[in-house]
Structure formats: structure tokens, C-alpha cells
Amino acid sequence: QVQLVESGGGLVQTGGSLRLSCAASGQTFSSYSMGWFRQAPGKEREFVAAIGWSGGTAYEDSMRGRFTVSRDTAKNTVYLQMNSLKPEDTAVYYCAARRAGIVMRWLDYDYWGQGTQVTVSS
């Protein structure tokens, strides 16, 4: 079992930045791939970024260059640095874990946090 707790969401103006954190506990964190997803009201959950156990990363195309995913294995924490935020980035952001390589489909992740709200005002 892996427990995930996100934090760092909030209200920010267009062009601003936020850093989300996802603290993991339970099983060996370093052996899991970690993903970030988001879901806006009335929309499907979508992939944002992911980082593998070896540090490899993947990004959804529209977020590449604006968002950066990283992990601190010593702290059992994954981060999502979000820059140049836009109103369309408004959503609940979730982190997720899976005991295998990076994938972009949310159904393939086994453990989920409760989510943190990000609101970008225009």
C-alpha cells in the first residue's frame, strides 16, 4: 500500500507559478513511478506529467516547457513546478503511483491522493 497526500494548490493569477507536492508513505517509494493528473469540472481526468523510478520523465505536450516534475527520494516526495499558468490550467490536481514504468493512462495507476485545487484567475 502507498498513501499519497498532495499539497501546494491555491489561487494564482495568469502567468503565475505554483509548486505542488505529493508526499508518499507506505511501500518503498523509490520503486514506484509517479504521475500527475488533473481534472476540471465536466472534463475527463488528463495526464500532466510523470517521473519514473530512474528519473525519466514524460509530459503532456501542452504542458511541456511550463511544468516540471521532479522527485526527492530521501523525502519520499514528488513535485510539480508549474510556471506561466493559464486559466485553462484550473483543475484539481492528483498525484498517483504505480509499481512499473511511466504510462500516461490514469487507469494504469494503482494509488491516488485526494487531490489539490489549482485555480488560475484571468
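Procedures and definitions
- Residues numbered from 1 in each chain as written.
- Predicted model: local features only at pLDDT ≥ 70, side-chain atom pairs only at ≥ 80, totals over all residues.
- Heavy atoms only, no water.
- Helix = DSSP H or I, 4+ residues; strand = E, 2+ residues; numbered from the N terminus.
- Buried < 20%, exposed > 50% of the residue type's maximum accessible area, 1.4 Å probe, protein only.
- Lys, Arg positive; Asp, Glu negative; His and termini not counted.
- Salt bridge = Lys/Arg side-chain N within 4 Å of Asp/Glu carboxyl O.
- Polar contact = N/O pair within 3.5 Å; in protein donor to acceptor, adjacent residues only side chain to side chain.
- Contact = heavy atoms within 4.5 Å.
- Core = buried A, V, L, I, M, F, W, Y, C linked by side-chain atoms within 4.5 Å.

Undergrad: Could you clarify how one ought to interpret the side chain of Glu-6 in this entry?
TA: With respect to the secondary-structure elements, Glu-6 resides in strand 1 (residues 2-7). Although Glu-6 lies buried, it forms no salt bridge, and the closest oppositely charged side chain, Arg-45, sits 7.9 Å away as judged by the N-O distance. A polar side-chain atom of Glu-6 sits 2.8 Å from the main-chain amide nitrogen of Cys-95. A polar contact of 2.9 Å, which involves the side chain of Glu-6, links it to the backbone nitrogen of Gln-114. Ignoring anything within four residues of it in the chain, the contact list for Glu-6 reads Ser-21, Cys-22, Trp-36, Tyr-93, Tyr-94, Cys-95, Gly-113, Gln-114, Gly-115 and Thr-116.

Undergrad: Is there a simple way to explain the nonpolar core in this structure?
TA: Where a protein is soluble and globular, its nonpolar side chains tend to be buried together. One finds Met-34, Trp-36, Leu-80, Met-82 and Tyr-93 to be the most contacted residues of the largest nonpolar core, which totals 29 residues. Elements supplying a minimum of two residues to this core: strand 1, strand 3 (18-26), strand 4 (33-39), strand 5 (46-51), strand 7 (67-72), strand 8 (77-82), strand 9 (91-98) and strand 11 (116-121). Excluding residues within four positions of it along the chain, Met-34 makes contact with Leu-4, Cys-22, Phe-29, Ala-49, Ala-50, Ile-51, Arg-71, Val-78, Ala-96, Ala-97 and Tyr-109. Within the second largest apolar cluster, 6 residues are counted, among which are Phe-47, Ala-58, Ala-96 and Tyr-109.

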